[in-house]
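Structural overview for review
If you want the building blocks of each chain, they are given just below.
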Amino acid sequence: MALADFLADLDSLLTSANAAFAAAADSDSLEVARVEFLGAKSGRLKTVQQGLGKIDKPDKPAAGKKLNEVKKAITAAFEQAQQNLSAGGGEDAGDDGFDPTLPGRRARLGHIHPITQTIEQLKEIMGRLGFSVAEGPEVEDKWHNFDALNIPPIHPARSELDNFYLATAEKAAGEPMLLRSQTSTVQIRVMEKTPPPVRIISLGRVYRPDTADATHYPMFHQIEGLMVDRGVTMADLKSVLRLFASSFLGGDVHIRFRPSFFPFTEPSVEVDISWQGGWMEMGGAGMIDPNVLRAVGYDPDEVTGFAFGLGVERICMSRHQVTDIREFYRNDVRFLEQF
Ligand code: PHE
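Calculation rules
Residues numbered from 1 in each chain as written. Predicted model: local features only at pLDDT ≥ 70, side-chain atom pairs only at ≥ 80, totals over all residues. Heavy atoms only, no water. Helix = DSSP H or I, 4+ residues; strand = E, 2+ residues; numbered from the N terminus. Rg over C-alpha atoms; globule rule 2.2 N^0.38 Å. Buried < 20%, exposed > 50% of the residue type's maximum accessible area, 1.4 Å probe, protein only. Contact = heavy atoms within 4.5 Å. Areas by Shrake-Rupley, 256 points an atom, 1.4 Å probe, with all protein chains shown as cover. Lys, Arg positive; Asp, Glu negative; His and termini not counted. Charge placed at Lys NZ, Arg CZ, Asp CG, Glu CD. Near = heavy atom within 4 Å. Polar contact = N/O pair within 3.5 Å; in protein donor to acceptor, adjacent residues only side chain to side chain. Nonpolar A, V, L, I, M, F, W, Y, C, P; charged D, E, K, R; others polar. Pairing = 2+ DSSP bridges. Domains from an automatic or database assignment. Phe/Tyr/Trp six-rings, centres within 6.5 Å; stacked < 30°, edge-to-face > 60°. Lys NZ or Arg CZ within 6 Å of the ring centre and 35° of its normal. 1 Å grid on protein atoms, 1.4 Å probe; cavity = no way out; pocket = protein on both sides within 12 Å on 5 of 7 lines; lining within 4 Å. Points joined across faces, edges and corners; volume = space filled by probe spheres on them.

This part is about the overall build of the chain. Regarding its fold elements, the chain presents twelve helices and nine strands. At 39 Å, the chain has a C-alpha radius of gyration far larger than the 20 Å of a compact globule built from 339 residues. Taken along its principal axes, the extent of the C-alpha atoms in the chain is 120 × 45 × 40 Å. Looking at the chain residue by residue over its 339 residues, the buried ones come to 40%. Across the chain, contacts joining residues at least 24 apart in sequence account for 65% of those joining residues at least 6 apart. Of the roughly 18,500 Å² of accessible surface on the chain, 52% is carried by carbon and sulfur atoms. Within the chain, the 47 negative side-chain charges are centred at a point lying 6 Å from the centre of the 36 positive side-chain charges.

Structure follows, in structure tokens:
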């Protein structure tokens, strides 16, 4: 057989194979075309290939080379046609490739941030104990953040290094202003405008220039509690905090009170909660100092009260075994999705 004829057969085979694969409108007709051209027993490529044996010896390398090229090209054309079909390019699809019969993409639904969830739950629990919710501003003056809370003028808690003082707000107000470092400010604001008895909680952000680590962040949330009435004692404080902790964290939660000091409570305690096999400080509490009651116009001989201020992030960490407070603020959906 002449080399030229063999080569011409290969060329026309490739042309018809290309046309047949491109014309296949679904996988059934593509399969028919595949068997016709690439079928192992009697495919047309096989048939043409048999001509190779009749080619003169010196022409064999050239013929073999061409045969391989055409084989590759036909196989490639078949695979391309297969891909086009599975990509939705078949007869079901319009020219723009849009297939209205494919299932839609589910919209990703967000949900409430774990800290907001915790805040809502804490409000719920304290509401059942008769505490209503009060609010106060995040930008505060020194009276509400320090003076009325019995924090003396030379106290280190007022330091420029331990607070975010706000130069612009100070200009506008004509006195030093700062981002509140504690929600105890709300105790003062509530007592200033409400005669006793009061029973409130306040939940919100507080700011301290702390270096962020596993349990600290320069902004965090506190839940402040305040109860003032005739005959309120430390026993009330402890029962409320225990009830609060067991309602939110489960009956087997351990909390511990350690003697401590705050200028606005006497006596004062620090409240710890079991976490990661040890203890984590939740915040402070105590009986309201008579000086504070006097500063808001209450009579310390008539009424007594307790207050507490706990970290919301830490309460949430204890509940959900979160090991790093920074996770709450990284906006990593893989973390947030778990709540
Ligand atoms: N305000 C205190 C703090 O932020 C906590 C506290 C609140 C202590 C109420 C006693 C009473 O550390």
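Right, picking up where we left off after that structure.
Before going further, it helps to examine the site of the ligand. In the vicinity of the ligand there are 14 residues, among which Q182, S184, R208, Q222 and G309 approach most closely. In this structure, a nitrogen atom belonging to the ligand sits 2.9 Å away from a side-chain N or O atom of S184. Residue Q222 places a side-chain N or O atom 2.9 Å away from an oxygen atom belonging to the ligand. Counting only elements with at least two residues in the shell around the ligand, the list comes to α8 (184–193), β5 (219–229), β8 (278–288) and β9 (304–311). Taken together, the residues of the shell around the ligand sort by class into five nonpolar, seven polar and two charged.

Tracing the chain through its elements places H254 in the loop between α9 (234–249) and β6 (255–262). When neighbours within four sequence positions are excluded, H254 is seen to be in contact with D272, I273, S274 and W279.

So, on to the pairing of strand β7 (residues 265–275). Judged by how many residues are buried, β7 sits mostly within the fold: eight of eleven residues are covered. By the bridge criterion, seven bridges tie β6 to β7 in an arrangement that is antiparallel. From the neighbouring strand, P259 faces β7, where its bridge partner is V269. Bridge count between β7 and β8: nine bridges; the pairing is antiparallel. When the sheet's bridge partners are listed, T265 is paired in β8 with I288. Linking two consecutive strands that pair antiparallel, namely β7 and β8, is a turn of two residues; a positive phi of about 55° is found at Q276 within it.

What follows covers the domain arrangement of the chain. Each assigned domain of the chain is listed here: domain 1 (3–89) and domain 2 (114–336). Each of domain 1 and domain 2 has a C-alpha centre, and these two points are 80 Å apart.

Let us look at the packing of aromatic side chains. Here the structure, examined in full by the defined rule, presents nine aromatic pairs. Their ring planes at 65° and their centres at 5.1 Å tell us that F335 and F339 sit as a pair that is edge-to-face. Residue class for F335 comes out buried when judged on its relative accessible area of 11%. Residue classification places F339 among the partly exposed positions, given a relative accessible area of 21%. The positively charged end of R199 is found above the aromatic ring belonging to F131, 5.9 Å away from the centroid. Lying across the ring of F248, R319 places its NZ or CZ 4.5 Å from the centre.

Attention shifts here to the environment of E266. Note on placement: E266 falls in strand β7. C-alpha separation for the pair E266 and F306, spaced 40 residues apart in sequence, amounts to 9.4 Å. With near-sequence residues (within four places) excluded, E266 lies in contact with M287 and D289.

Here we take up empty space enclosed by the protein. Considering all chains together, one arrives at one cavity of 30 Å³ or more under this definition. Its volume calculated, the largest cavity comes out at about 80 Å³. Lining the largest cavity we find L241, F244, A245, F248, L249, I255, V271, I273, M282, L310 and I315. Every element with two or more residues in the lining of the largest cavity is listed here: α9 and β7. By residue number, the principal contributor to the lining of the largest cavity is α9, which donates five residues. In terms of residue class, the lining of the largest cavity is made up of eleven nonpolar, no polar and no charged.

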